[in-house]
Amino acid sequence: MSTKRELLRDPKRGKIAGVCAGLSDYFNMELWLVRIIFVSAVLLTGGPLFVVAYIAAWFILDKKEPATANTNSTKHDDPLEVKFKVWQKGEPPRRALQDLKERLTRVDVRLQDMERHVTSSEFTVSREINKL
């Protein structure tokens, strides 16, 4: 199953116009690395060529649509992206494990609350009243 990727600029994460942020998303690389590569290319090679290319991309690329956020969802509802190489975008494995531990702890607390409610005498009385 292949997903269609689209090159879009991301002004929300970008410093100037979001072109480097869009390239970072498209190539699944860390944003800081894309910026370093661009600045190095400007300083070490034909600077005006890359500046003109950046400005052209600024006008040619469409803006990335802001994600529609649910009021019920939290930051941790989306699946984790674990990076396997330093330059990839995502969370390092150690941080991903910490996030998973936090999620499972929250689920465990909720489950304990539900068990406490179901085994309480109030629940039993309420259930018997509803049966009548």
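The structure this text deals with has already been given above.
These numbers were taken from a predicted model, which means no experiment stands behind them. (Residues numbered from 1 in each chain as written. Predicted model: local features only at pLDDT ≥ 70, side-chain atom pairs only at ≥ 80, totals over all residues. Heavy atoms only, no water.)

**Digging into the side chain of Ser24**
One can find Ser24 in helix H1 (residues 19-27). When its relative accessible area of 0% is taken as the criterion, Ser24 is described as buried. Beyond its immediate sequence surroundings of up to four residues, Ser24 is in contact with Arg13, Met29, Glu30, Leu31, Val34 and Lys89. (Helix = DSSP H or I, 4+ residues; strand = E, 2+ residues; numbered from the N terminus. Buried < 20%, exposed > 50% of the residue type's maximum accessible area, 1.4 Å probe, protein only. Contact = heavy atoms within 4.5 Å.)

**Some remarks on the pattern of salt bridges**
In this structure the tally under the stated criterion is five salt bridges. In this structure, the salt-bridge partner of Lys64 is Asp25, at a minimum N-O distance of 3.3 Å. Of this pair, Lys64 sits in the loop between helix H3 (47-60) and helix H4 (93-118) while Asp25 sits in helix H1, and the two are 39 residues apart along the sequence. Three or more residues are tied together by salt bridges with common partners; here these are Asp10, Arg13, Asp25 and Lys64. (Salt bridge = Lys/Arg side-chain N within 4 Å of Asp/Glu carboxyl O.)

**A closer look at the nonpolar core**
Listed in full, the 11 residues of the largest apolar core are Ala17, Val19, Cys20, Ala21, Met29, Leu31, Leu33, Val34, Tyr54, Ala57 and Leu61. In contact with Ala21, not counting residues within four places along its chain, are Asp10, Arg13, Gly14 and Leu31. (Core = buried A, V, L, I, M, F, W, Y, C linked by side-chain atoms within 4.5 Å.)

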